[in-house]
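Residue-level listing of the chains:
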Amino acid sequence: ATPMALVVGIGRAAGQGVLFRDAAALERLGSVDAVVFDKTGTLTVGRPKILSSTIDDAALVLAASVEQASEHPLATAIVKHATEERRLTLRPAQNVQATAGQGVRGTVDNRVVLAGNLAYLQANGLSIGKEGEALSPNLPSTGTIVYVAIDGKYEGYFVVGDELRPESAAAVASLTEAGIRVVMLTGDRKAAAEAMAKQVGIHEVIAETLPADKYKAIEKLKAEGRVVAMVGDGINDAPALAAADVGIALGTGTDVAVTAAGVTLVRPDLRGVVAARELSRATIRSIR
Ligand code: ADP
Ligand code: MG
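Here the structure is a predicted model, which is why all the values come from computation and not from measurement. Per chain, residues are indexed from 1 in the order of the written sequence. Chains carry letters from A onward and ligands carry numbers from 1 onward, assigned in written order. With the structure being a predicted model, the display of local features is reserved for residues of pLDDT at least 70 and the display and counting of side-chain atom pairs for 80 or more, all residues being used for whole-chain, interface and lining totals.

1. Notes on the nonpolar core
Take the buried Ala, Val, Leu, Ile, Met, Phe, Trp, Tyr and Cys residues, join any whose C-beta atoms are within 7 Å, and the set you get is a nonpolar core. Three exposure classes are used. Buried residues have 20 or more other C-beta atoms within 10 Å of their own C-beta, exposed residues have 12 or fewer, and partly exposed residues fall in between, all C-beta atoms being placed from the backbone. Counting residues in hydrophobic clusters, the biggest one holds 54 residues, and the most contacted among them are Val35, Val36, Ala229, Met230 and Ile248. Secondary structure counts use DSSP, requiring at least four H or I residues in a row for a helix and at least two E residues in a row for a strand, with both numbered from the N terminus. In terms of residues, this core owes the most to one element, helix 9 (residues 190-200), which gives 5 residues. In this structure, Ile55, Val61, Val66 and Tyr120 belong to the second largest nonpolar core, which totals 33 residues.

2. Focus on the environment of Leu185
You can see Leu185 is positioned in strand 9 (residues 181-185). In this structure the C-alpha to C-alpha distance between Leu185 and Val36, which are 149 residues apart in sequence, comes to 6.5 Å. If sequence neighbours within four positions are ignored, Leu185 has contacts with Val36, Phe37, Asp38, Ile206, Thr209, Lys214, Ala217 and Ala240. Contact criterion: two residues are in contact if their C-beta atoms, reconstructed from the backbone, are within 7 Å.

3. Concerning helix 8 (residues 168-177)
Buried within helix 8 are the following residues: Ser168, Ala171, Val172 and Leu175. For helix 8, the angular spread of the buried residues around the axis is 95°, confining them to a single face. Buried-residue contacts for helix 8 involve strand 2 (34-38), helix 3 (39-43), strand 9, helix 9 and helix 13 (271-287). Downstream of helix 8 by a residue or two, Gly179 has a phi angle that is positive, lying close to 85°. In this description, one arc is meant: the one made by directions from the helix axis to the C-beta atoms.

4. Things to note about the pairing of strand 12 (residues 246-250)
A large share of strand 12 lies buried, amounting to 5 of its 5 residues. The side-chain alternation of strand 12 yields two buried faces, one formed by Val246, Ile248 and Leu250 and the other by Gly247 and Ala249. Two strands make a pair as long as DSSP finds a minimum of two bridges between them. Alignment of strand 11 (residues 228-232) against strand 12, held across 4 bridges, turns out to be parallel. Among the inter-strand pairings, Met230 is bridged to a residue of strand 12, identified as Gly247. Here a crossover is taken to be right-handed if, once the strands point away from the viewer, the path from the first strand over the helix to the second is traced clockwise. Running through helix 11 (residues 238-243), the crossover from strand 11 to the neighbouring parallel element strand 12 is right-handed. Sheet topology places strand 12 next to strand 13 (residues 263-265); 3 bridges connect them, and they run parallel. Looking at the pairing, Ile248 lines up with Val263 of strand 13. What joins strand 12 to strand 13 is helix 12 (residues 255-260), and the crossover it makes is right-handed.

So this is what it looks like as structure tokens:
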């Protein structure tokens, strides 16, 4: 039988907006000594905006029309930029395939449109070449880049910026002070991830990961003897959330993430991770 203290703990946590799936998750969280955070949508607000772009309106319509089918925050940013800022009318897209952590491709008006990161374009046989390399030094350090190709030809890129959640740095500081190893795990490019990590006070960054790499990173920490909590919001985080000793999903994130996690934060405030850990420890102390 579940000790009464755990039942009480779960109830108390729920009152604070922290939903534990079961008593085991509440018990395990107290012994966590490594917390891994996804970047986009978890440490950041996840409402990225287009900061700059080399894409003309004709290509923007095509890119946004394909991105309409993706629920990624970057996709939303591109669609909003096209429809709200540029006031463009989108077209129906066919055969849309989104690859988690990489990008999206589809057909619009019989043209094959690709939007995604460098690895994604390369995997689709595109070389961005000199043009792509030359732009890197001019990019804002924290900006995410979405490259666009149409009919097998590189078109240009968007620079997309996202803000840290106001509470993220405080949550990271509390965990670090408690002696917990804090890691950022992201599919974004290394330079952008490291610049963001610095702002939020995280010293360990694993970047340019695919969903399967996120999962492997968690397995690796566990193999090192760490008791690992993973905090994430996206479909791309689901394997890692499931692999962690404790998966913590943002309730504002995708359903897939919530389903894969043992804990859900009702409010997207990462101080909830600190509160949940303290509650878990207090509960365990009251039992032993
Ligand atoms: P994070 O781990 O920070 O949440 P993701 O794993 O979701 O980031 O995405 C990693 C990278 O994949 C993004 O930085 C972006 O370059 C690319 N990407 C993913 N989905 C899309 C999309 N729908 N459109 C364009 N690029 C995408
Ligand atoms: Mg995310």
